[in-house]
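# Residue-level structure breakdown
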Amino acid sequence: MTVDAREIIHAVSVIATKRGGHELADAQIAWMVDGYTRGEVAPEQMSALLMAIYLRGMNRREIASWTHAMIDSGRRMDLSGLQRDGRPLATVDKHSTGGVGDKITLPLTPLVASFGVAVPQLSGRGLGHTGGTLDKLESIPGWRAEVSTSDMLDQLERVGAVICAAGADLAPADRKLYALRDVTGTVESIPLLASSIMSKKIAEGTGALVLDVKTGSGAFLPDEDDARELASTMVELGHDAGVDTRAVITDMGTPLGLAIGNAVEVAESVEVLAGGGPADVVELTLALAREMLDAAGLVDADPATHLADGRAMDTWRAMIAAQGGDPDAPLPTARHHDTVTASGDGIVTEMDARAVGDAAWRLGGGRSKPGEAVAAEAGVTIHAKPGDRVRAGQPLFTLHTQDEDRIPGARSCLAGATTVGPDSAEHAGGARTRPLIIDRVRFPS
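Okay, so let's go over this structure. Owing to the predicted nature of the structure, the values given are computational and were not obtained by experimental measurement.

So, about the overall build of the chain. Helices and strands together make up the secondary structure of the chain, namely 16 helices and 15 strands. Overall, the chain is about 75 × 55 × 40 Å in size when its C-alpha atoms are taken along their principal axes. Expressed as a percentage of its 445 residues, the buried residues of the chain come to 54%. Contacts spanning at least 24 positions in sequence make up 79% of the contacts within the chain whose residues lie at least 6 apart. For the chain, the exposed area adds up to about 17,700 Å²; of that, 50% sits on carbon and sulfur atoms.

Encoded structure:
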């Protein structure tokens, strides 16, 4: 079904087109996105269209058209003029689809920037069981997420790294549509996910982009086939827009690292920058850094050297200070703590990432609706992960919260989160049932 350009477009006809399983014309998509952004298309009408897209899907042309309609709803940033010492700076960004304990942006951004690459990391806040990068960084006294465009460009040239909130005029249609998707049960739609992520990244103006697409119990897309489809769709959208885009599909069946929350994840990130930290956080940080440096033209760069010699830490400190933060200030700690212990002896064979994320959320580390406050001190510390031997009574989790009344709800989330099996050699020594890095996707995908 096609639409004649001379035909008058109205919301009901657009909804009916997609409800019937037909393709939307570019003109229909542009009209609906623009109309909703300006308030001329009612929320209930856009909700109906989003559900029709969720159920009927979109082809590649429709997804590209939807993406560009959202980009065109605001301004595009231009990072092409960035330079240092008279030399142009390559720009490369990273985006994660979100997970439990996913603090990778924190050590990764200054690590890549320490090689003389500009990393414009426009990040968001958490909703539900997945934490938000900005919420974590706001645990640092004085640090601010809001940075003007001119200050952002200046910081990229001086420091090489910035992690901040996207401006309200960057793909504003996406901001409005995401809020609607969240309350209409359409967040997991692959066409809507892909266009949401890529509209912001393309509008941001980065020259290259690395995507961390997660799959497993703690991810938005637990099914691996769905994660692959999302990765391929986004890589194609980036390529079509002239952005060197590649994706890494990673496991989110087990939480990343040992700290889940806000301040606790900042502390763990600093450990990584100091040359330590949990093995899985270090592994993923280095894997994504290699992809980003390769995309920026530094094919032979070894990011591990900059963790070891302190250059990544130096960039972290400069980045935090540039946004008003004190990198030496103590991080906030919770008033109340509780310990969940193992009920028997054996090997930890499984740990449900979603359950751990839900526990941190119940402790106050996340929000149930946009704009809600989060507690910097709230979170979960993991003491044993898959592959570890435990004894009855040994700590599995420590809960951190400002509100003691939140502890029972968090404990209920963790009641079945960990499986302890027989103490046998076949279960010992491996922290994951599948590799952390599952696959890589490049164009053509």
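The three strands are arranged 12-10-14 in an open sheet whose pairing can be described as antiparallel. Here the strands that pair on one side only, and so sit at the sheet edges, are strand 12 (389-390) and strand 14 (418-421). As paired elements, strand 10 (residues 346-351) and strand 12 share two bridges and run antiparallel to each other. Bridged to I347 within strand 12 is R389.

Further remarks concern empty space enclosed by the protein. This model, assessed by the stated rule, comprises three cavities of 30 Å³ or more. A volume near 40 Å³ is recorded for the second largest cavity. Contributing to the lining of the second largest cavity are L50, W66, M70, D174, L177, R181, L192, S195 and S196. Every element with two or more residues in the lining of the second largest cavity is listed here: helix 4 (60-71), helix 8 (172-184) and helix 9 (190-204).

The next subject is a nonpolar patch on the surface. A cluster of nonpolar residues, M51, Y54 and L55, forms a patch on the protein surface that exposes about 290 Å² of accessible area. Mapped onto the fold, Y54 is located in helix 3 (residues 43-56).

The next subject is the sheet that holds strand 9 (residues 336-341). Pairing is antiparallel across the open sheet formed by four strands, whose spatial order is 8-11-13-9. Edge strands, defined here as strands with exactly one partner in the open sheet, are strand 8 (259-261) and strand 9. Neighbour-to-neighbour, the strand axes of the sheet open up by a mean angle of 15 degrees, direction not taken into account. Taken together, the four bridges between strand 11 (residues 379-382) and strand 13 (residues 395-401) define a ladder with antiparallel strand orientation. Across the sheet, the residue bridging to V380 is L399, located in strand 13. Seen against the sheet, helix 15 (residues 353-365) touches strand 8, strand 11 and strand 13 and runs at an angle of roughly 140 degrees to strand 11.

In this section: the nonpolar core. Counting residues in each nonpolar core, the largest one holds 72 residues, and the members touching the most others are V112, W316, V356, V380, F397 and L399. By residue number, the principal contributor to this core is helix 12 (residues 279-295), which donates 10 residues. Apart from the residues within four sequence positions on either side, V380 is in contact with L258, A259, I260, V356, A359, A360, L363, F397, T398, L399 and H400. By size, the runner-up hydrophobic cluster in this structure holds 58 residues, among which are I9, I15, L49 and M234.

Once that is clear, we can look at the side chain of R246. Residue placement: R246 occurs in strand 7 (residues 244-251). A residue is classified by how much of its surface remains accessible, and R246, at 6% relative accessible area, is buried. Of the polar contacts made by the side chain of R246, one reaches the side chain of E291; its length is 3.2 Å. Ignoring anything within four residues of it in the chain, the contact list for R246 reads L209, V210, L211, V235, E291, D294, A295, V441 and R442.

Quick look at the side chain of K94 now. Position of K94 among the secondary structure elements: in strand 3 (residues 92-96). As a buried residue without a salt bridge, K94 has its nearest oppositely charged side chain in D102, at a separation of 4.6 Å. A distance of 2.8 Å separates polar atoms of two side chains, one belonging to K94 and the other to T105. In contact with K94, not counting residues within four places along its chain, are I104, T105, L108, Q121, K201, L209, V210, D212, L288 and M292.

What follows deals with the packing of aromatic side chains. Under the definition given, this model contains zero aromatic pairs. Sitting over the ring of Y36, K176 keeps its end group 4.5 Å from the ring centre.

Here we come to helix 2 (residues 26-38). Over its 13 residues, helix 2 extends 18 Å from the first C-alpha to the last, a length consistent with the 18 Å expected when each residue adds 1.5 Å. All of the buried residues in helix 2 are Q28, I29, M32, V33, G35 and Y36. What you see down the axis of helix 2 is that its buried residues fit within an arc of 165 degrees, all on one side. On the buried face of helix 2, the contacting elements are helix 1 (11-19), helix 3, helix 4 and helix 8.

Below, the discussion takes up the pairing of strand 7. For strand 7, the tally of buried residues reaches seven of eight residues, placing the bulk of the element in the interior. What joins strand 6 (residues 208-215) to strand 7 is helix 10 (residues 224-240), and the crossover it makes is right-handed. Taken together, the four bridges between strand 7 and strand 15 (residues 437-441) define a ladder with antiparallel strand orientation. Looking across to strand 15, one finds that I249 is bridged to D439.

Reading the values: rules and limits
- Residues numbered from 1 in each chain as written.
- Predicted model: local features only at pLDDT ≥ 70, side-chain atom pairs only at ≥ 80, totals over all residues.
- Heavy atoms only, no water.
- Helix = DSSP H or I, 4+ residues; strand = E, 2+ residues; numbered from the N terminus.
- Buried < 20%, exposed > 50% of the residue type's maximum accessible area, 1.4 Å probe, protein only.
- Contact = heavy atoms within 4.5 Å.
- Areas by Shrake-Rupley, 256 points an atom, 1.4 Å probe, with all protein chains shown as cover.
- Pairing = 2+ DSSP bridges.
- 1 Å grid on protein atoms, 1.4 Å probe; cavity = no way out; pocket = protein on both sides within 12 Å on 5 of 7 lines; lining within 4 Å.
- Points joined across faces, edges and corners; volume = space filled by probe spheres on them.
- Patch = residues over 30% accessible without salt bridge, like charges linked within 9 Å, V, L, I, M, F, W, Y side chains within 5 Å.
- Salt bridge = Lys/Arg side-chain N within 4 Å of Asp/Glu carboxyl O.
- Axes fitted to C-alpha atoms, helices over the stretch in contact; angles between N-to-C directions.
- Core = buried A, V, L, I, M, F, W, Y, C linked by side-chain atoms within 4.5 Å.
- Polar contact = N/O pair within 3.5 Å; in protein donor to acceptor, adjacent residues only side chain to side chain.
- Lys, Arg positive; Asp, Glu negative; His and termini not counted.
- Phe/Tyr/Trp six-rings, centres within 6.5 Å; stacked < 30°, edge-to-face > 60°.
- Lys NZ or Arg CZ within 6 Å of the ring centre and 35° of its normal.
- Expected span 1.5 Å × (residues − 1).
- Arc of directions from axis to C-beta.
- Right-handed = clockwise from strand over helix to strand, strands pointing away.

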